[in-house]
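# Remarks on the overall topology
One-letter residues, chain by chain:
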Amino acid sequence: MIEHNRTSFWVLALLPASAFVLALFLGRYGIHIQDTVRVLLGLDGPSDVFRALILRVRLPRVLAAACVGANLSVVGAAFQGLFRNPLVDSRILGVSSGAAFGAALALLFTSQGMIIQASAFVFAMAAIAMVMLVGVRFGSSTLVLVIGGILVGALFNSFLGLIKYVADPLSTLPAITYWLLGSLNATQWVDLPPLLVITGLGLPFFMLFRWRLNLLTVSDTEAMAMGIRVKLLRTIIVSIGTLLVAASVALAGTIGWIGLVIPHVARSWVGPDHGRLIPASAALGATTLILLDTIARTVLPSEIPLGVLTGLIGVPAFFVLFLRFLRTRGEAQ
Amino acid sequence: MNLTTTELAFAYTPEREILSCVSLSLEMGQVMFILGANGTGKTTLLECMSGLRSPLRGSVTVDGRDMHQLAVRTRAQNIGLVPQMHEPVFEFTVAQAVLMGRAPHLGLFGRPSKQDHQVVGQAIESVGIHHLALRPYTKISGGERQLALIARGLAQGARCLLMDEPVAHLDPHHQHDVLSVVRQLADDGFSFAITSHLPNHALLYGDWVAFLTDREARVQGVPGTTITEQSLRTAYSMEFEIVEGSSGSRAVLPRLHRKSNPTTW
Amino acid sequence: MTKLWIAVPVVLLCAFAVMSQTETTITDQSGQSVTVPLPVETIVSVHGIGTYYVYALGAGDRLAIAYYIGVKALSKASEAMLRWEPRLPDLLSFGDPSIEELVASGAQLIMADGSQHVAVAEQLRDLGIPVVLYQAETPDELKEAVTLTAAFLGPEAETQATAFITDYDRMIDAVSLDLALLDEGSRARVLFIGTSLTKVISGEMYQTHLIEAAGGVSVTRELFGAWNEVNLEQILLWDPEIIVIPPYGLIQPADILENPDWQSLSAVQSGRVHRMPRMIAPMDTPLPESLLGIAWMAKVFYPELITLDLAEEVVRFYADYYQFTLTAEELDQMTHP
């Protein structure tokens, strides 16, 4: 099933690009293909409404979907290697819980998107900082980091519960619930710079480090014996990965399953070598989230929360992968 | 290449020393077996010899240079560590797994080059698993996995490989496969330090044996003369007898207390 | 001796009369039968909407503790509210009802929310305190709720309830009459948003009924459930003629009128973006003030066709049902969106 040929490469390279362009043509407001093309090429003709819709409503949103999808998938893949556990999701270190708490806290006082995003990001980073502190104190082995992540995540979840409790059940609580389900609705250009900058710095980092990631899948002892500064590398990867996840979750809310399932699909396509896995995850993640977001904003008059779609598709997808995994395991034995 | 420990001492916590005064010298082309009961610090000794752990006292030198003065990369390019068996998590191919050994030769963002792939190919050939190169690492036998790990050490460029109980989980056929490859590579100039619970292997495949008892390696030498009933008794707190095989080879058997007539019940 | 023959039957008759007046059984809006003492003198309302039924029926002085919808702290209460109910600081409460506090208040009856307080209600009933559950999302259910409330407040309240229902129907009929010649296709297409620009009402919510009573058509009537999240493309697709912002939340007409992405909407181009005014209770919710909600909306939708005098209606409503007089400023606020 693992393909090492040129075809895979081109497919994976073109997939996100095609999805991106396709998404620009789709939406509740039907726009003629010719008009869309004219807008994208900067030609005269289409009305201001069309232009505004495509350039100010669809384009930033699709771009955000691409970045978030790529980020969550790449970090999911890297963390699965780092923690030597294919069941790891990019949210393992409590980042999502911190972000959820930050957003809910902001929602108690305001409905301004920028503030909510900033608050979510700040608390996401606070969560990881706490996990790192645990690591510094008790040694940053993978076990310590995972347990630290569970504890920090649980802590922020309880605080989140507290906020939900005091929130006004008629307006604030539904807003929090909706944020937690994840959505890219009303994404504007002003929301994008933090995400774009962090993605622009973080993703290339993972691309450059992708062969090094292979070395972290063996035991710490072996890696060190091969000359790798394991603790340092792990800390750097966790930090930058968390930045990517925090920026993504801050904008899009908590979206599950992408960080877990996409790396698995990518791995069954191109194999576990991170040299291929990382780019493949990025491409598949971006494509998937673009497609899911397009469904979320087009199929029904109201928006379908992204988290609901990723769950509906992620769970059966994971189940299929799991069955296949069991079958190959059975064969090996 | 020579790897020497001089009066090596190591402790995890100040109150309890694991090693107190271990002096070993691994020569080029030599296969050294390190025998000792469980918990005597064999794994720790290997980790000290590979430079992963800093000694409390004494030194570890490579061709006369102190191990810890060397850069981590240089160390890795000279000494390979093959740990005990583990269950691999991901389905890397054998070639990909061996390729990881090129790590000390690649830069921080190291992308393996054609040359790296060539080195990997040669390493795989020299341990005789060329036919398994593209097979998933998880789908080969335990013995073949050990050979792959040896190949990885060779891919590192190591002239000296430290192996921690490499054949502990293997059946006799695979045990022989691995150790005969070790023997062969030693004849080509590589050196091996192998920890083991099987004195017979030292007798069959080793050039040198060292007993790690009481945190020291006082009893060491050529296997034929060093493995005696007495040295075995000291090491394992048990009675053994040495028997001679038909071809002149010798083997170690535990001396069990049996009824005088085992054939009649 | 004759005195005894007169006295005993009289005493027995009085006793009988007193006993037969102390209780009545009503069916609340969750379908439960509730036996309540008559008349009720001490009421607690943990239903932010139900509180206003009590006031409208002239029994505001019988409240011991009350929730007021949208007012979670004294700081959120408008000046008008404080002037209207001077006891507000003592009465105001909010949040998850505390059973013990309710018992300590000495309430003879508790008004609660049929969707939120079912469990609390059961516990209170176990303690012997009657609980009336409310759930009104349509005009008919509103009338039912008001009637139900009057049933335990006494005959004067019942008269008031009838008056209110008549008033409500009169308002709807008056609007209907004024719009009798308007054909279906010319009805105003209205978008009613919520506390964020992309949050809109569903067809099942009370506001939709108000819009229709005011002669308009809600563009979001095909949606269901509670508040729905939609995207801008869908809003552009609907292209409402009028946009109504609720009396709560932070959105002001300028947020829409000056938003570059909303410019192409008919409503924005004709400047027909209005925020509902608020005096005491929000008039888009199923409580008596929604009568004014209908009037206000009708006037906003069809300024030329509607003949009612909004100012007059406002003054009369607050005088009749809240015993409250507005200042000139407040009246202006209510009538000039």
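Everything numeric in this text was worked out from a predicted model, so none of it was measured.

Rules of the game
Residues numbered from 1 in each chain as written. Chains lettered and ligands numbered in written order. Predicted model: local features only at pLDDT ≥ 70, side-chain atom pairs only at ≥ 80, totals over all residues. Helix = DSSP H or I, 4+ residues; strand = E, 2+ residues; numbered from the N terminus. Rg over C-alpha atoms; globule rule 2.2 N^0.38 Å. Buried ≥ 20, exposed ≤ 12 C-beta atoms within 10 Å, placed from the backbone. Contact = placed C-beta atoms within 7 Å. Axes fitted to C-alpha atoms, helices over the stretch in contact; angles between N-to-C directions. Parallel < 35°, antiparallel > 145°, perpendicular 65-115°, else oblique. Left-handed = near helix turned anticlockwise from the far one by under 90°. Nonpolar A, V, L, I, M, F, W, Y, C, P; charged D, E, K, R; others polar. Expected span 1.5 Å × (residues − 1). Bend = angle between axes of the 7 residues up to and from the residue. pLDDT = per-residue confidence, 0-100. Core = buried A, V, L, I, M, F, W, Y, C linked by C-beta atoms within 7 Å. Domains from an automatic or database assignment. Pairing = 2+ DSSP bridges. Right-handed = clockwise from strand over helix to strand, strands pointing away.

### Considering the overall build of chain B
Within chain B, the secondary structure is distributed over nine helices and twelve strands. Against the globule reference of 18 Å for 265 residues, chain B gives a C-alpha radius of gyration of 19 Å, in line with a compact fold. Principal-axis analysis of the C-alpha atoms gives chain B an extent of 65 × 45 × 30 Å. With 265 residues in all, chain B has 46% of them scored as buried. In chain B, once contacts between residues fewer than 6 apart in sequence are set aside, the share between residues at least 24 apart is 67%.

### So, the overall build of chain A
Scanning chain A for helices and strands turns up 14 helices and zero strands. Based on the C-alpha atoms only, the size of chain A along its principal axes is roughly 65 × 55 × 35 Å. Looking at the 333 residues of chain A, the share that counts as buried comes to 54%. Excluding contacts between residues fewer than 6 apart, the proportion of contacts in chain A whose partners are at least 24 apart in sequence is 76%.

### Focus: the packing of helix 2 (residues 33-40) of chain A against helix 3 (residues 48-82) of chain A
Residue and element names in this part refer to chain A. Where helix 2 contacts helix 3, the two axes come as close as 10 Å, and the packing angle between them is 65°. In terms of axis orientation, helix 2 runs roughly perpendicular to helix 3. In the crossing of helix 2 with helix 3, the sense of the turn from one axis to the other is right-handed. Residue-level contacts link Asp35, Thr36 and Val39 of helix 2 to Phe50, Arg51, Ile54 and Leu55 of helix 3. Of the residues assigned to the contact of helix 2 with helix 3, the class counts are four nonpolar, one polar and two charged.

### As for helix 1 (residues 6-25) of chain A
Residue and element names in this part refer to chain A. With 20 residues, helix 1 ought to run about 28 Å at 1.5 Å a step, and its terminal C-alpha atoms sit 29 Å apart, in line with that. Largest kink in helix 1: about 30°, centred on leucine 14, with the proline proline 16 one to four residues after it. Leu12, Pro16, Ala19, Ala23 and Leu24 are the residues of helix 1 that are buried. Among the structural elements, helix 2, helix 3 and helix 13 (274-298) are those in contact with the buried residues of helix 1.

### Quick notes on the interface of chain C and chain A
Note: interface size is frequently given as the accessible area lost on complex formation between the parts. Taken together, the contact pairs 20 residues of chain C with 21 residues of chain A. Elements with a minimum of two residues in the side of chain C that touches chain A: strand 11 (228-229) and helix 10 (232-238) of chain C. Ranked by residue count, the leading element in the side of chain C that touches chain A is helix 10 of chain C, at five residues. Partitioning the side of chain C that touches chain A into residue classes produces seven nonpolar, eight polar and five charged.

### Considering the confidence of the model for chain A
On average, chain A scores 89 in pLDDT, and the residues at 70 or more come to 97%. When pLDDT is averaged over each element of chain A, helix 13 of chain A comes out on top at 95 and helix 14 (residues 306-332) of chain A at the bottom at 83.

### Section: the nonpolar core
Grouped together as the largest cluster of nonpolar side chains are 292 residues, with contacts concentrated most on Ala124 and Ala246 of chain A, Val98 and Ala151 of chain B together with Ile294 of chain C. Looking at this core element by element, the count peaks at 19 residues for helix 3 of chain A. Lining this core are residues from two domains, each supplying at least three of them: domain 1 (23-156) and domain 2 (168-335) of chain C.

### A word on the interface of chain A and chain B
The interface is formed by 20 residues belonging to chain A together with 27 residues belonging to chain B. Elements represented by at least two residues in the side of chain A that touches chain B include exactly helix 9 (210-215) and helix 10 (220-225) of chain A. Residues that form the side of chain A that touches chain B fall into these classes: twelve nonpolar, five polar and three charged.

### With respect to the sheet that holds strand 3 (residues 43-45) of chain C
Residues and elements named next belong to chain C. Taken together, the five strands give an open sheet; going across it, the order is 5-4-3-6-7, and neighbouring strands pair in parallel fashion. Here the strands that pair on one side only, and so sit at the sheet edges, are strand 5 (92-93) and strand 7 (131-134). In this sheet, strand 6 (residues 109-113) lies alongside strand 3 in parallel orientation, the contact comprising three bridges. Bridge pairing links serine 45 to methionine 111 in strand 6.

### Digging into the sheet that holds strand 10 (residues 217-218) of chain C
Spatially, four strands are ordered 10-8-12-13 (chain C) in an open sheet, and the strand pairing comes out parallel. Of all the strands in the sheet, just strand 10 and strand 13 (273-275) of chain C have a single pairing partner and so form its edges.

### Section: the packing of helix 5 (residues 142-155) of chain B against helix 6 (residues 172-187) of chain B
When two helices pack together, you describe them by how their axes are tilted relative to each other and by the distance separating the axes. All names here are of chain B. Put simply, helix 5 and helix 6 touch, their axes get as near as 8 Å, and they point 15° apart. As judged from the angle between their axes, helix 5 and helix 6 are roughly parallel. In the crossing of helix 5 with helix 6, the sense of the turn from one axis to the other is right-handed. Taking contact as the criterion, the partners of Gly142, Gly143, Gln146, Leu147 and Ile150 in helix 5 are, on helix 6, His174, Asp177, Val178 and Val181. Looking at side-chain class alone, the contact of helix 5 with helix 6 contains four nonpolar, four polar and one charged residues.

### With respect to the pairing of strand 4 (residues 57-62) of chain B
All names here are of chain B. Where strand 1 (residues 3-13) and strand 4 come together, five bridges link them in antiparallel fashion. For threonine 6, the partnering residue across the bridge sits in strand 4 and is serine 59. Inspection of the sheet shows strand 4 paired to strand 5 (residues 65-66) by two bridges, in the antiparallel sense. The residue bridging threonine 61 from the neighbouring strand is aspartate 66, located in strand 5. Hairpin geometry of strand 4 and strand 5 is characterised by an intervening segment of two residues between the two adjacent antiparallel strands and by a positive phi of about 50° at aspartate 63.

### So, unusual backbone geometry
All names here are of chain B. Of note in this structure, aspartate 63 is not a glycine but carries a positive phi near 50°. With respect to the helices, strands and loops of the structure, aspartate 63 is situated in the loop between strand 4 and strand 5. By C-beta crowding, aspartate 63 is classed as exposed, having 11 other C-beta atoms within 10 Å. Although it is not a glycine, aspartate 214 sits at a positive phi angle of roughly 50°. Turning to its location among the elements, aspartate 214 is positioned in the loop between strand 9 (208-213) and strand 10 (216-221).

### With respect to the arrangement of the chains
Inter-chain contacts occur across two pairs of chains; the most extensive set of contacts lies between chains A and B. A gap remains between chain B and chain C, which never touch, and the nearest two C-alpha atoms on either side lie 42 Å apart.

### Points about the environment of glycine 215 of chain C
Residue and element names in this part refer to chain C. Examined against the element boundaries, glycine 215 turns out to sit in the loop between helix 9 (206-213) and strand 10. Considered as a pair, glycine 215 and alanine 180 are 35 residues apart in the sequence and their alpha carbons are 9.6 Å apart. Every residue in contact with glycine 215, bar those within four places of it in the chain, is listed here: Val175, Leu179, Leu182, Arg187, Ala188, Ala298, Phe301 and Tyr302.

### Side note on helix 5 (residues 113-138) of chain A
Residue and element names in this part refer to chain A. Taking 1.5 Å of rise per residue, the 26 residues of helix 5 would be expected to cover 38 Å, and the 38 Å separating its terminal C-alpha atoms lies within 8% of that figure. All of the buried residues in helix 5 are Ile116, Gln117, Ser119, Ala120, Phe121, Phe123, Ala124, Met125, Ala127, Ile128, Val131 and Gly135. Following helix 5 by one or two positions, glycine 139 has its phi on the positive side, about 85°.

### Here we look at the confidence of the model for chain B
With 97% of its residues at a pLDDT of 70 or more, chain B has an overall mean of 88. As a predicted assembly, this complex carries a pTM of 0.86 together with an ipTM value of 0.86.

### Examining the pairing of strand 7 (residues 160-164) of chain B
Regular strands have side chains that alternate between both faces of the sheet. Residues and elements named next belong to chain B. For strand 7, the buried fraction is high: five of the five residues fall into the buried class. Residues Cys160, Leu162 and Asp164 of strand 7 are buried on one face, and the alternating residues Leu161 and Met163, pointing to the opposite face, are buried as well. Examined bridge by bridge, strand 6 (residues 79-82) and strand 7 share four bridges and lie parallel to one another. Note that in strand 7 the partner of isoleucine 79 across the bridge is cysteine 160. Pairing geometry for strand 7 and strand 8 (residues 191-196), over five bridges, is parallel. Paired with cysteine 160 across the strands is serine 191, a residue of strand 8. Considered for its hand, the β-α-β crossover made up of strand 7, helix 6 and strand 8 is right-handed.

### Things to note about the environment of proline 130 of chain C
Residue and element names in this part refer to chain C. Along the chain, proline 130 turns up in the loop between helix 6 (118-126) and strand 7. Among the residues examined, proline 130 registers 21 C-beta atoms within 10 Å and is labelled buried. The spatial distance from the C-alpha of proline 130 to the C-alpha of lysine 299 is 42 Å, given a sequence separation of 169 residues. Beyond its immediate chain neighbours, meaning those up to four positions away, proline 130 contacts Val34, Thr35, Val36 and Leu109.

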